[in-house]
Amino acid sequence: MSELHPSSPEFSPSAAPAEPSPSSAGSAPVPPDPAAVVAALRAAGCVFAEEEAELILTTARTPHEVTALVERRTAGLPLEQVLGWAEFHGLRIAVDPGVFVPRRRTEFLVDQALAQVPGASVVVDLCCGSGAVGTALAGALGPVELHAADIHPAAVRCARRNVGAAGGRVHQGDLFAALPAALRGRVDILAANVPYVPTDEVALLPSEARDHEPPVALDGGADGLDVLRRVAAGAPGWLAPGGCLLVETSGRQAPAALAAFEAAGLAARLAASEELAAHVVVGTRR
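Residues numbered from 1 in each chain as written. Predicted model: local features only at pLDDT ≥ 70, side-chain atom pairs only at ≥ 80, totals over all residues. Heavy atoms only, no water.

A. Spotlight on the packing of aromatic side chains. Tallied over the full model, the rule gives 1 aromatic pair. When the ring of Phe-176 is compared with that of Trp-238, the centres are 5.7 Å apart and the planes differ by 15°; the resulting orientation is stacked. With a gap of 62 residues between them, Phe-176 in the loop between strand E5 (169-172) and strand E6 (187-192) and Trp-238 in the loop between helix H9 (226-234) and strand E7 (239-249) connect regions that are remote in the sequence. Each member of the pair, Phe-176 together with Trp-238, is buried. (Phe/Tyr/Trp six-rings, centres within 6.5 Å; stacked < 30°, edge-to-face > 60°. Helix = DSSP H or I, 4+ residues; strand = E, 2+ residues; numbered from the N terminus. Buried < 20%, exposed > 50% of the residue type's maximum accessible area, 1.4 Å probe, protein only.)

B. Structural view of unusual backbone geometry. Not every positive phi belongs to a glycine, and Cys-127 is a case in point at roughly 55°. Summarising the element assignment, Cys-127 is placed in the loop between strand E3 (122-126) and helix H6 (132-141). Its relative accessible area of 8% is what places Cys-127 among the buried residues. Its identity as a non-glycine residue notwithstanding, Ala-277 has a phi of 55°, on the positive side. Within the secondary structure, Ala-277 sits in the loop between strand E8 (266-273) and strand E9 (278-285).

C. Focus on the pattern of salt bridges. The final tally for this structure, using the stated rule, is 13 salt bridges. Of the charged contacts, one joins Arg-73 and Glu-208 as a salt bridge, the two residues approaching to 2.7 Å between their closest N and O atoms. On the criterion of sequence distance, the pair formed by Arg-73 in helix H3 (residues 63-74) and Glu-208 in helix H8 (residues 207-212) is long-range, its members being 135 residues apart. We classify Arg-73 as buried; its relative accessible area is 1%. For Arg-252, the salt bridge identified is with Glu-201, shortest N-O distance 2.5 Å. Here the residue Arg-252 occupies a position in the loop between E7 and helix H10 (254-263), and Glu-201 occupies one in the loop between E6 and H8, the gap between them amounting to 51 residues. According to the relative accessible area criterion, Arg-252 is exposed, its value standing at 52%. Relative accessible area serves as the criterion here: at 18%, Glu-201 is assigned to the buried category. Members of the salt-bridge network, linked through shared partners, are Glu-52, Arg-73 and Glu-208. (Salt bridge = Lys/Arg side-chain N within 4 Å of Asp/Glu carboxyl O.)

D. The arrangement of the state of the cysteines in detail. Under the counting rule described, the total for this entry stands at 0 disulfides. Left unpaired, Cys-128 is separated from the closest cysteine sulfur, that of Cys-127, by 8.2 Å. Overall, Cys-128 belongs to the buried group, its relative accessible area being 7%. Free of any disulfide, Cys-158 has its nearest cysteine sulfur in Cys-128, 8.8 Å distant. (Disulfide = S-S within 2.5 Å.)

E. Spotlight on the environment of Leu-114. Relative to the helices and strands, Leu-114 resides in helix H5 (residues 107-116). You can call Leu-114 buried: its relative accessible area is 18%. Distance in space between the C-alpha atoms of Leu-114 and Ala-140 is 7.9 Å, their sequence separation being 26 residues. Apart from the residues within four sequence positions on either side, Leu-114 is in contact with His-89, Leu-137, Ala-140 and Leu-141. (Contact = heavy atoms within 4.5 Å.)

F. Structural context of the sheet that holds E6. Read from one edge of the open sheet, 7 strands run E5-E4-E3-E6-E7-E9-E8, paired in mixed fashion. Looking at strand neighbours, the two that pair on one side only are E5 and E8, the edges of this open sheet. Each neighbouring strand pair of the sheet contributes to a mean axis angle of 20°, computed without reference to strand direction. The sheet contact formed by E3 and E6 spans 4 bridges and is parallel. Within E6, the residue paired with Val-124 across the bridge is Leu-190. (Pairing = 2+ DSSP bridges. Axes fitted to C-alpha atoms, helices over the stretch in contact; angles between N-to-C directions.)

G. Spotlight on H9. All of the buried residues in H9 are Val-227, Leu-228, Val-231 and Ala-232. Angularly, the buried residues of H9 cover 135° about the axis, an arc narrow enough to put them on a single face. Buried residues in H9 make contact with E3, E6, E7, H10 and E8. (Arc of directions from axis to C-beta.)

Nothing here speaks to function; it is all geometry.
This is the structure we're talking about:
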């Protein structure tokens with residue numbers, strides 16, 4: 001679910017303030033005027049005020065909604081939760097309040113999965129959050145058997161809107177325990193956007209993540225790799241011959257993540273995108 005680190009580039013377009021500006025608190029309702037919306041967002045510290053204003057104005061259906069959306073944004077909520085959607089891999093993904101917001105760099109994981117198994121017919125999106133990864137994979141692959149799972153109830157409700165529209169099923173539970181047993185040995189692509197922020201660094205995250213996304217989607221344990229190790233250890237029993245596990249991590253964690261994949265019996269490699277500051281460990285069933 002999580003891949004945000006304090007040192008990571010913030011995702012676009014919502015590079016917003018760590019804390020709302022005091023000047024925005026208790027301000028008068030903002031009229032549905034583009035210049036006024038931009039001014040309100042800029043006063044709150046939103047770096048991409050013009051772009052955000054355009055999105056808010058095109059999403060809101062009434063002047064009252066414009067005011068409500070601007071107030072939520074200037075209070076510090078992630079833009080995607082304010083709008084109710086995020087653009088991901090060319091799709092509009094529904095994002096509910098309290099649900100992890102898909103990051104642009106995770107599109108790299110989707111691309112790696114498609115390159116590794118272009119003919120995949122069974123796809124699992126583990127730690128799915130909004131279900132963005134699974135939905136994007138299904139959109140690119142065409143008709144597939146798609147399953148997604150998450151432990152967080154709000155994420156499961158949100159994912160059902162996205163994954164369900166792609167013809168898939170969403171399950172609630174802890175990692176593999178949530179999946180139907182009939183999937184064992186059949187999964188071509190197992191994508192797991194696990195939490196990987198070390199516990200001691202969660203407090204250093206931007207307030208958008210720290211205050212408005214579930215801790216279970218961010219906190220990866222002492223070194224950030226607790227969930228990754230569990231997923232790697234369990235993956236071989238679920239993968240089809242030639243199937244692959246893909247997990248996002250950070251550059252500094254990549255050596256330990258690769259070692260965890262190898263220890264699980266997977267043939268592992270690291271894929272990286274300098275442009276997106278993305279690191280994905282790809283493990284193939286031997």
